[in-house]
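Listed below are the residues making up each chain.
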Amino acid sequence: MEQSERYVKFEEGLVSRKIFFDPEIYQAELERIFARCWLFLGHESQIPEPGDYMTAYMGEDPILVCRGADGTVRAFLNSCRHRGMRVCRADRGNARQFTCSFHGWTYANSGELRGVPLGQDAYGERLNKAEWGLLEVPKLTSYGGMLFGNWDAGAESLDDFLGELRWYLDVMVERQIGGIEFIPGVQRYSLDANWKIASENFAGDTYHLPYSHGSMFKLDIRQINPANPSFRGKDADYYNIGLDNGHGMTGIVFGDERYRVDLEAAKEYGAEVVEYVEECHQRLIKALPKHQAGVYALSFSNMFPNLSFNDFSALRPIGFYLWLPKGPSRIEAWNWCGIDRDAPKVVKDLARVDFTRIQSVTGIAAQDDTENFEQVTEATRGVVGQRLDFNYQMNVGQAPLDGPDDCPGRFAPYISETNQLNFYQHWAALFDAP
Amino acid sequence: MEQSERYVKFEEGLVSRKIFFDPEIYQAELERIFARCWLFLGHESQIPEPGDYMTAYMGEDPILVCRGADGTVRAFLNSCRHRGMRVCRADRGNARQFTCSFHGWTYANSGELRGVPLGQDAYGERLNKAEWGLLEVPKLTSYGGMLFGNWDAGAESLDDFLGELRWYLDVMVERQIGGIEFIPGVQRYSLDANWKIASENFAGDTYHLPYSHGSMFKLDIRQINPANPSFRGKDADYYNIGLDNGHGMTGIVFGDERYRVDLEAAKEYGAEVVEYVEECHQRLIKALPKHQAGVYALSFSNMFPNLSFNDFSALRPIGFYLWLPKGPSRIEAWNWCGIDRDAPKVVKDLARVDFTRIQSVTGIAAQDDTENFEQVTEATRGVVGQRLDFNYQMNVGQAPLDGPDDCPGRFAPYISETNQLNFYQHWAALFDAP
Amino acid sequence: MEQSERYVKFEEGLVSRKIFFDPEIYQAELERIFARCWLFLGHESQIPEPGDYMTAYMGEDPILVCRGADGTVRAFLNSCRHRGMRVCRADRGNARQFTCSFHGWTYANSGELRGVPLGQDAYGERLNKAEWGLLEVPKLTSYGGMLFGNWDAGAESLDDFLGELRWYLDVMVERQIGGIEFIPGVQRYSLDANWKIASENFAGDTYHLPYSHGSMFKLDIRQINPANPSFRGKDADYYNIGLDNGHGMTGIVFGDERYRVDLEAAKEYGAEVVEYVEECHQRLIKALPKHQAGVYALSFSNMFPNLSFNDFSALRPIGFYLWLPKGPSRIEAWNWCGIDRDAPKVVKDLARVDFTRIQSVTGIAAQDDTENFEQVTEATRGVVGQRLDFNYQMNVGQAPLDGPDDCPGRFAPYISETNQLNFYQHWAALFDAP
Amino acid sequence: MVGHELQHSVEQFLYREVRLLSELRYEEWLDLFTDEVRYWMPARETIAGQPDALAGDSEMAYFDDDKAFLAARIERLRSPLAHAEQPPSRLRYFVSNVEIEEAGEDEIDVRCNLLVYQSRLERTEVSYVGRREDRLRRAGSSWRVTTRKIILDQTLVPRSISVFF
Amino acid sequence: MVGHELQHSVEQFLYREVRLLSELRYEEWLDLFTDEVRYWMPARETIAGQPDALAGDSEMAYFDDDKAFLAARIERLRSPLAHAEQPPSRLRYFVSNVEIEEAGEDEIDVRCNLLVYQSRLERTEVSYVGRREDRLRRAGSSWRVTTRKIILDQTLVPRSISVFF
Amino acid sequence: MVGHELQHSVEQFLYREVRLLSELRYEEWLDLFTDEVRYWMPARETIAGQPDALAGDSEMAYFDDDKAFLAARIERLRSPLAHAEQPPSRLRYFVSNVEIEEAGEDEIDVRCNLLVYQSRLERTEVSYVGRREDRLRRAGSSWRVTTRKIILDQTLVPRSISVFF
Ligand code: FES
Ligand code: FES
Ligand code: FES
Ligand SMILES: [Fe+3]
Ligand SMILES: [Fe+3]
Ligand SMILES: [Fe+3]
């Protein structure tokens, strides 16, 4: 029996509570998932100029992401090869080279070891500098400006990893007039929960919306941004879609539905915004097949393992929520706000403010999620609680829905739990991999 | 060799320091002791009305104790069966049902799963609600209003578990005119010590009184409450009594001795109080055999594993001190003050204030106990210290005393350490159980 | 293959990052290194009078160091043999005996169990007091007033343990007119790093000076104390010296070089100080062979495992820096300032103030060391980082230098990394010992 | 340095304001802000060479609320479904180091240091540490907040924020 | 809002009072209380629908002392066997957000926020966070405490309490 | 008890002084000290029978600086190689319980409680807790520090100290 079968009972729609607490399972995740999957590092717009850099994490390993003099972006373990010091202690900046504060080894922002103090005198020929550059993340790929790295040199390509998800991401990416850019700055916060609790939530947990966020939906959140969805319950033409490699999307609707909502909302802001929305739509129609363009915008989703994001509208932020693992029961969440570089200022401001208010650290949605994620953790760590399973039975045995033709993924109702099972099924496959 | 023999050397009166630190031993305790023994949950008087509820812990598992519409008290794992959320986040209140804040599953206070949002639409026939009620503690028994639960459906009855202790508890329970009630409110505090250090202390550690609490006994604590014992050293007619299943009582004296002290003390408060004390005594004589009634009140004791209590007098509080395990070296202590529901107000106030002053979080006794419990922990965690044993040799090889006829338990002098060995002997038996 | 070979690749000059994090390796260190090596306890001058005592640690075990009525110094596990309570909770004081605050067992400051409350009444003949004195550290030796203890009764003598280091320590000790004394008081601080990171640094890490402490060397630190070294880079007549049993010394220079610096510096303070320096030199010449006396003062060094110290000059403090292990990634550092008991007040004040300013908790050197030690830890704990090795290749394959005749140790350039490898080679030998 | 009467009046205003928060009197608290208030908590990063690196006006913020949205937050907090504050946290605000500068006719700039302690449920304890830069406008014998800029010293917020500053 | 002279006088009284505690001058501290003082710290729970759920008059309390028992606590602390404070803790009291209301002729009601930091032995560190509601009575140029109500924000006290508030 | 004008003036001086530190305006901060200042933080131990056991004049200290060395520390902090503060920490100083006593002609003794919060890099958080005993000298309408004695309550310092008090 595969080890994971004890934990993930796919057919029954059950997942053992153990995988959210056991320290050994967590260590195995760091090795078999975070050291093998494509992980999000940030966005190119955060480091536009040669020499720009930012720091990040892959699993618990600190990363330094640099744009070289040649404009190429590279990522490195942010740890000196000499004796491990954090080479760069700032969150971001611009530098041609990094000098380690311990003994002063100096690395070019391309990673190679440029110089060591007292070089020849101290080392003579005994140090082969070529072998002691910063440990580079062997695979780094940018898609729509989003940077992904993978520690496994033998890993499949980002494209293969994205798999079916790519088809939907293209909608988000192609809709942008000037391309996605991240507004400067990041939000970071800690929460005492396992990283999967948050990731699976974005992968498919539409079911928590009406109750977890009932207080939000009671508000007229169109007052924040008219493009805000008034919550919709089960609705035949909204789908959750489970994608290969554990990715999951919620609330996908076809046939220009989201475009119509935007257009309506845009009117409240005048001609400039209306034109902007129309232009976004035009771009999509030019760039993509009609049925794909008709998706127009996404809802909240999760790219396996731990990058959640949402994109409801051209008038709202593209939110990125990275759930960094910091132990079996601790997450460090990093949030970014993406916008269309060429959106009108009114739209950019609208999106930025919307971001702070809904899903950010202070957001009226995120607050209640944190409370739930943390108390799930608190309430399930006892030895009796650990004997139980989490329940994902909503759609067990149910046939997938027929989505529109030529649209990838396994379709499920807007309110469903299949995406989470899809997430854990992939988790199990990686967990069992040698 | 039984695994436990490495740790508990009963014949030699030695106990290994390892059992107070080793994380694996602690995990085993949670499974073999806390998931199998009868554990204290609180008192019925805390939830008198239908719909009243309070939260508690069994080991590290969070518990929700509810009085149903039918007046029946039930206890449940306070964790949603859907995905584990803490169903009730308040310490107490009144509710007919509990709606989980995550997805809104709703449970009756009888535990059954009443409704799930979008029920039929979302789940169709795929969720068997009957199987997904709150996990009920299979065994729950009330004795004298004290609620005890046991996770082991096959466990012996509470009566069998109390065993010989029952005979003494009857004295405390029968003495009450109106029965025990807990004054509203609980005290909670943390201390960095292993749960057994505190439990064994109440089980039998009379030897710590003169020195640990020397500063208290130097005071005229009769000024707090004339029924306060002036400390008595070795005294032929005071006994520590080791009881089956690891329970232990200290300072038991027969022949109305404690009654006489109360009567004397009562005079300082006038006729009403004197009559009250006499009435308590009368109740006992009616309810129990003379030699049992002559016990009148208990001293400090421990019900295995972690419920300590004391009951010195009808004019003093019945203190309950629950030592909740929160890791190998951490306790969360919950304190309650029990009084006779029908005691005169002057007596109730006397008892309540006495409680705050002696054994409570701020009590002049508890302060010094905490200092000792914590520093025992600090001072014994090193690898060399861990090689040593704790010493309980005071009465090794000594024959039990002959107690009065027909009184259960193994009798030892008031100053003795046999009750602690009795505690660890039972601990060892449970530890070795498959 | 020896277990340690996976971690310490001596020939290649590589050490696995695992040994700075793995909890099991840490536990093994406590048993095989800290419970078997000679460890520093403090200095006799801290407890000059009969009855004086101070507390200390050996590994994570708390220690009580007492000077008995007979003037003999003894060390004990600071944990009551009855039930483990910390017998002495003060950092220092004077006491003929220690009464445990839990049950009042009383120990003479010679360790024996003097009395127990209610002795005969409680214990009769059942307690063999002779067996229950404080656990004494079986080996305790004073050298130059420095107290060292060893838990291993079968361990080699302190002399054998010091080995080649003794030859150099004699220089430091013999130079003192009145002998070393510690000024009253200790500094303590925590840092989140493994104990070896700090110890190896003093054992040989001259290479970190120019960059880690560049900000200090940019100052005219002769303004603090003219005897302060202006930083010297590679300099043929300064040596790092690797000594047996893992000890390491840096910056040793022969032929009265350090004496000349002192004499020059002394002039700024007038005749009294010049005479003092000359007298120190004379003492050395009388006490030691010329080539040994010519060493005059030491630089920074580490006595395996965790006692770092420095002694640059007769006008500067003798700094002691003990790196107490408190978990795989935590150190508690204790700092003391040693001076010559008979030095002129001006010199004593100079040394004391110098101590606070350079290497103490607030010192302009220590601050930057802490930052590096902590961030090394932070940056190397990830699963990918843990796959790498630390690099100590500076002198791999390089023949030792020829030091002056009859001077013990393996000589390496002032800027070198051989002492660290010497440290880890000994660590490996102890780690593999049964 | 402004006079001590002014100092006293401002400190009492600030103490009362945060007390209203710890007493969950959100609506009364909101009344202490002018209609055009900007309630702003810019994001903060460790940027090489920029010690006090705060996000700019159109960059990342934790809060960037107008009075209408503050009101919406309060309306939400009054809902039984505002789980983050159900049951409510116990909040303690330590306002200290109050410094005042005149800012024209009837306005003043007020800085203070702020330690906000949040205790909730059984054992969740969080502390937020930072400073506030307020612009106050005279309103009769008291004051109204016309701009509030909150600057946490933490670049990693200890928990998602369900409290006001 | 009371005048700033009164504010100043009360704050100085409160500062001195807690300083006496951190200086272990317990007897002098006790002199600052009237003979009929009630020194009361009611217990606190998280009760559904009752935000600031404090135990009532005859319900659970942490402290419910009169002057006589405060004196007894102090007498005990002076004993070498008062192990909880042997050797004594190092205590730091941060009194802030002092708000005053007149309460008749020569009495005032004083609220303050309180952070009490306790450091003891080698590495025990504990913080108590809450507020105080005092009734003070004028005593010549100074004050006496006639009622002290202490309300911690923690429902789980971080350690057993061997300090005064 | 000194007058409230003096209290106000001193508190404002202390607030401004620590603000200069949190704003990294070290040189301006140093200007607030007299040339003969002793900046002293004696070591502290738990010594049986000596509650407030501070190291004496010629015993162990954490700081024992004159103005010249304070200047040297500042010069160092300005170096890009002062790694302990590169990038700089985020510092917050809570000055409270300010008590003043006249000390002759134009000098006063000022005590205060001090909580210094240090946040640096991504997640290093440290708090220093203690008191200060300053001697201030009148300098025109403001003050200069002529003696500063810093007494931490921690006998185990939470981290090596790269900040001023
Ligand atoms: S650790 Fe980076 S240079 Fe040595
Ligand atoms: S976790 Fe309770 S309803 Fe989902
Ligand atoms: S533990 Fe020391 S006397 Fe009992
Ligand atoms: Fe959500
Ligand atoms: Fe006790
Ligand atoms: Fe250094």
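All values reported here derive from a predicted model rather than from experimental measurement.

Q: Talk me through helix α11 (residues 345-358) of chain A; I want residue IDs and the actual numbers.
A: All names here are of chain A. The end-to-end C-alpha distance of α11, which contains 14 residues, comes to 20 Å, matching closely the 20 Å that a straight helix rising 1.5 Å per residue would cover. Burial analysis of α11 places ten of its 14 residues in the buried class, the great majority of the element. Those residues of α11 that fall on the buried side of the exposure criterion are Val347, Leu350, Ala351, Arg352, Val353, Asp354, Phe355, Thr356, Arg357 and Ile358.

Q: Outline the coordination of the iron ion (ligand 5), supporting the account with residue identities and numerical values.
A: Residues and elements named next belong to chain B. Here the iron ion (ligand 5) is held by the protein donor atoms His208 (NE2), His213 (NE2), Asp369 (OD) and Asp369 (OD), which lie 2.1 to 2.3 Å from it. Its four donor atoms give the iron ion (ligand 5) angles of 58 to 152° at the centre, a pattern that matches the irregular case. Taken in sequence order, the residues that donate to the iron ion (ligand 5) follow the motif H-x4-H-x155-D. In this pair, His208 sits in the loop between α5 (195-204) and α6 (209-212) while Asp369 sits in helix α12 (residues 366-379), placing the two residues 161 residues apart along the sequence. Grouping residues by exposure puts His208 and Asp369 together as buried.

Q: So, the interface of chain D and chain B: which residues are in play, and what are the values?
A: By a widespread convention, an interface's size corresponds to the accessible area lost as its parts come together. If you look at the interface, chain D gives seven residues, while chain B gives ten residues. Interface area, chain D with chain B, both sides summed: about 640 Å², of which 38% is carbon and sulfur. For chain D, the biggest contributors to the area lost against chain B are His83, Glu122 and Arg123 of chain D; these three give 70% of the whole. At the junction of chain D and chain B, the tally comes to two salt bridges. Between Glu332 of chain B and Arg123 of chain D there is a salt bridge whose closest N-O contact spans 2.7 Å. Linking chain D to chain B there are six residue pairs in polar contact (both at pLDDT 80 or more).

Q: Describe the coordination of the iron ion (ligand 6), and please don't skip the residues or the numbers.
A: For a metal bound by four donors in a tetrahedral arrangement, the ideal donor-metal-donor angle is 109.5 degrees, while six donors in an octahedral arrangement ideally sit at 90 or 180 degrees. All names here are of chain C. Looking at the iron ion (ligand 6), one finds its protein donor set to be His208 (NE2), His213 (NE2), Asp369 (OD) and Asp369 (OD), positioned 2.1 to 2.3 Å from the metal centre. Because the angles between the four donor atoms bound to the iron ion (ligand 6) fall within 57 to 152°, the donor set is best described as irregular. Mapped onto the polypeptide sequence, the residues donating to the iron ion (ligand 6) form the spacing pattern H-x4-H-x155-D.

Q: So what's going on with the interface of chain D and chain A? Which residues, and what values?
A: The partner chain A presents 44 residues to the 39 residues of chain D that form the contact. Summing both sides of the interface, chain D and chain A together bury roughly 3,600 Å²; the carbon and sulfur share of this comes to 52%. Of all residues in chain D, Glu45, Met60 and Arg76 of chain D bury the most surface against chain A, accounting for 19% of the area lost on that side. Run the count over chain D and chain A and you get nine salt bridges. One salt bridge connects Arg123 of chain D with Glu378 of chain A, and the closest N-O pair in it is separated by 3.4 Å. Within the residue set of the side of chain D that touches chain A, elements represented by two or more residues are β2 (61-65) and α3 (67-77) of chain D. The element that contributes the greatest number of residues to the side of chain D that touches chain A is α3 of chain D, accounting for six residues. Grouping the amino acids of the side of chain D that touches chain A by side-chain chemistry returns 18 nonpolar, nine polar and twelve charged.

Q: Lay out the pairing of strand β4 (residues 107-120) of chain E in plain terms, naming residues and giving numbers.
A: A regular strand places its side chains on the two faces of the sheet in alternate fashion. All names here are of chain E. β4 sits mainly inside the fold: twelve of its 14 residues count as buried. In this structure, strand β3 (residues 90-102) lies alongside β4, joined through eleven bridges in antiparallel fashion. By the bridge assignment, Leu91 is partnered in β4 with Gln118. Linking β3 to β4, which pair antiparallel, is a turn of four residues; within it Gly104 sits at a positive phi near 80°. Across 14 bridges, β4 lies against strand β5 (residues 124-139) in antiparallel orientation. Looking at the pairing, Arg120 lines up with Thr124 of β5. Counted between consecutive antiparallel strands, the loop separating β4 from β5 contains three residues, among which Leu121 sits at a positive phi close to 50°.

Calculation rules
Residues numbered from 1 in each chain as written. Chains lettered and ligands numbered in written order. Predicted model: local features only at pLDDT ≥ 70, side-chain atom pairs only at ≥ 80, totals over all residues. Heavy atoms only, no water. Helix = DSSP H or I, 4+ residues; strand = E, 2+ residues; numbered from the N terminus. Expected span 1.5 Å × (residues − 1). Buried < 20%, exposed > 50% of the residue type's maximum accessible area, 1.4 Å probe, protein only. Donors = N, O, S within 2.8 Å, 3.2 Å for Na, K, Ca; no water. Tetrahedral: all angles 85-135°; square planar, octahedral: opposite > 155°, others 65-115°. Contact = heavy atoms within 4.5 Å. Buried area = accessible area lost by both parts, 1.4 Å probe. Salt bridge = Lys/Arg side-chain N within 4 Å of Asp/Glu carboxyl O. Polar contact = N/O pair within 3.5 Å; in protein donor to acceptor, adjacent residues only side chain to side chain. Nonpolar A, V, L, I, M, F, W, Y, C, P; charged D, E, K, R; others polar. Pairing = 2+ DSSP bridges.

Read these as geometric descriptors, not functional statements.
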